[in-house]
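Chains, contacts and geometry: an overview
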Amino acid sequence: KKINYKSLSSSWDDTTHEWLYFLTYNNHIVKIGQTIKSLKKRYESYSAGTARYMKTGTASTTNFSISECNALAVSKGMSVQIYGLPVEKERKIIERFGLIRECVLSVVRDKETMLIASFKNTYQHKPVLCVQEGK
């Protein structure tokens, strides 16, 4: 593990929301992403992207790439910051199979897609580390 992420806000551990997040290097957005868990859990997942795990095939390519880029940026003296936007979990009453339940609906993936499209419309390119887009 090459980099540790630390909290600067109590929102880091918040699991009551889904999250859109921005990863920045020297105040420039390099990655826009989303998580249905906390920001802390998402970045713990990025931290699992180690070279050792890549060799054994147990790390995701995205986690490895982000982890390596973040470590390199820090080693070069860049400021690496993570910003989060809370996304309310949407709820809907659904009746199925003779039961009525309040269900939680996830909309954060669609909001991530909208946010990346807005970024592309504004800057004419995707953030450099956005190699995947939510579908």
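The rules behind the values
Residues numbered from 1 in each chain as written. Predicted model: local features only at pLDDT ≥ 70, side-chain atom pairs only at ≥ 80, totals over all residues. Heavy atoms only, no water. Helix = DSSP H or I, 4+ residues; strand = E, 2+ residues; numbered from the N terminus. Buried < 20%, exposed > 50% of the residue type's maximum accessible area, 1.4 Å probe, protein only. Contact = heavy atoms within 4.5 Å. pLDDT = per-residue confidence, 0-100. Axes fitted to C-alpha atoms, helices over the stretch in contact; angles between N-to-C directions. Parallel < 35°, antiparallel > 145°, perpendicular 65-115°, else oblique.

In this section: the side chain of Asn70. By the secondary structure assignment, Asn70 is in helix α3 (residues 61-75). Asn70 gets classed as buried once you look at its relative accessible area, which sits at 0%. Setting aside residues no more than four positions away along its own chain, Asn70 makes contact with Ile3, Tyr5, Leu23, Tyr25, Tyr43 and Val80.

This part is about the confidence of the model for the protein. This prediction gives the protein a mean pLDDT of 89; 88% of its residues lie at or above 70. Across the protein, strand β1 (residues 18-25) holds the top mean pLDDT of 97, while helix α2 (residues 51-56) sits lowest at 62.

Moving on to the packing of helix α1 (residues 39-47) against α3. Contact geometry for α1 and α3: axes closest at 7 Å, N-to-C directions at 90°. Relative to α3, the element α1 lies roughly perpendicular. Note on element contacts: α3 touches α1 through Thr62, Asn63, Ile66, Ser67 and Asn70, opposite Arg42, Tyr43, Ser45 and Tyr46.

Mapped onto the fold, Leu105 is located in strand β5 (residues 99-105). Linking Leu105 and Lys89, residues 16 residues apart in sequence, is a C-alpha distance of 6.5 Å. Discounting chain neighbours no more than four positions away, the residues touching Leu105 are Lys89, Glu90 and Lys92.

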